[in-house]
Number of protein chains: 2
Amino acid sequence: MSNYEQLKLENQLCFPIYAASRLVTQLYTPLLKKLDITYPQYLILLVLWEYKSLSVTEIGEKLLLETNTLTPLLQRMEAKGILLRIKSESDERRKIIELTKYGLQMEKIACQIPVELAKSVSKGFSVERAMRLKEDLKLLIESLTRDN
Amino acid sequence: MSNYEQLKLENQLCFPIYAASRLVTQLYTPLLKKLDITYPQYLILLVLWEYKSLSVTEIGEKLLLETNTLTPLLQRMEAKGILLRIKSESDERRKIIELTKYGLQMEKIACQIPVELAKSVSKGFSVERAMRLKEDLKLLIESLTRDN
DNA sequence: ACAATTTATATCGTGTGCGATATAAATAAT
DNA sequence: ATTATTTATATCGCACACGATATAAATTGT
């Protein structure tokens, strides 16, 4: 036993967040295989399906990711023919990210993913609890992203 | 706007889990710098302070990590003088992981980390909500790790 | 106008995670 | 007893994350 109660794994909030995150990603992996993408790539697609056209930084603001993560990720997706990285006319520093026809079409297949996921989570985890969890996490994220 | 309501980032449970996990890790980083370790290395230390002596697979069971993640991680920690990887006498396949004197001493400094963390999270996130979040996440993890 | 600063993206290095596979030791099956 | 299977750890390859830094374009200050 640890000499300090607060250092026991059981008493940490950080570990369940970390473990749940990895488990959820693992849950997505087989579903995303149909689209030949990874989980972070799926998140990029989610924001692009929703907002159509965004700069690298704008995607980063929505997903809380920096350009040093996004640039290679977007390059890989461009190489797969999912999206285009177009230099902005008005501001030559910016790259406008837009989905290709293929990237847009992927949405039709992807729309089944949340449905299938809900099915496999719902065993032993109610919708109400999932909603509460989502709201609590959003509040935590908000408190962690405030300038502090 | 996405054509499918269920594909909007706002409606996903997966994204808050993923984002919160990264934000929490980022919150730990400056605190762990004093010990010159990373967040996953801190988790290894937590279980070793608590259980003293564990095999690679046993650590993996507690942290839900595979040996392909743990082996290099433990090798790096061994190189830093934090722990030892001792071949088991009774079963030559097993490696028993034990903390060095240095690794054990780190606990005295680490015990302040949960205290400092609680301080920075408590602004805008109550203890009750943190407890509820932890329990909900544990239930989610349980439902995701059941054989299904 | 021009130097200083800021902003947008990219590059580099290190450390995870994890699927796939390898290797060696232990156990089970015949 | 010998072969087949299982178990424990390790190796390999790839894709993130992210701190640190670089580069180029835009903006600000004087």
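See the structure printed just above.
Now for a look at the structure at hand.

1. Brief notes about the packing of helix H3 (residues 56-63) of chain A against helix H4 (residues 67-79) of chain A
Residues and elements named next belong to chain A.
1) Next: Packing of H3 against H4 leaves a shortest axis separation of 10 Å and a crossing angle of 115 degrees. Between H3 and H4, the angle falls in the class roughly perpendicular. As H3 packs across H4, the resulting crossing turns out to be right-handed. For the pair H3 and H4, the contacting residues are Val-56, Ile-59 and Gly-60 in the first and Thr-67, Leu-70 and Leu-74 in the second.
2) Next: Residue classes in the contact of H3 with H4 are distributed as 4 nonpolar, 2 polar and no charged.

2. Thoughts on the pattern of salt bridges
1) Next: With the rule as written, the count across this model stands at 18 salt bridges over all chains.
2) Next: Across the pair A:Arg93 and A:Asp91 runs a salt bridge, and its minimum N-O distance is 2.9 Å.
3) Next: When salt bridges with common partners are traced through the structure, they connect A:Arg129, A:Arg132 and B:Asp136 into a single cluster.

3. Structural notes on the interface of chain B and chain A
1) Next: Counting residues at the interface gives 61 residues for chain B, matched by 61 residues for chain A.
2) Next: Together chain B and chain A conceal approximately 6,300 Å² of surface at their shared face, both sides included; 68% is due to carbon and sulfur atoms.
3) Next: Of all residues in chain B, B:Leu7, B:Tyr18 and B:Glu50 bury the most surface against chain A, accounting for 10% of the area lost on that side.
4) Next: The closest approach of N and O atoms between B:Glu10 and A:Lys138, which form a salt bridge, is 2.8 Å.
5) Next: At the boundary of chain B and chain A, one finds 16 residue pairs in polar contact (both at pLDDT 80 or more).

Here is what the cut-offs are and how they apply
- Residues numbered from 1 in each chain as written.
- Chains lettered and ligands numbered in written order.
- Predicted model: local features only at pLDDT ≥ 70, side-chain atom pairs only at ≥ 80, totals over all residues.
- Heavy atoms only, no water.
- Axes fitted to C-alpha atoms, helices over the stretch in contact; angles between N-to-C directions.
- Helix = DSSP H or I, 4+ residues; strand = E, 2+ residues; numbered from the N terminus.
- Parallel < 35°, antiparallel > 145°, perpendicular 65-115°, else oblique.
- Left-handed = near helix turned anticlockwise from the far one by under 90°.
- Contact = heavy atoms within 4.5 Å.
- Nonpolar A, V, L, I, M, F, W, Y, C, P; charged D, E, K, R; others polar.
- Salt bridge = Lys/Arg side-chain N within 4 Å of Asp/Glu carboxyl O.
- Buried area = accessible area lost by both parts, 1.4 Å probe.
- Polar contact = N/O pair within 3.5 Å; in protein donor to acceptor, adjacent residues only side chain to side chain.

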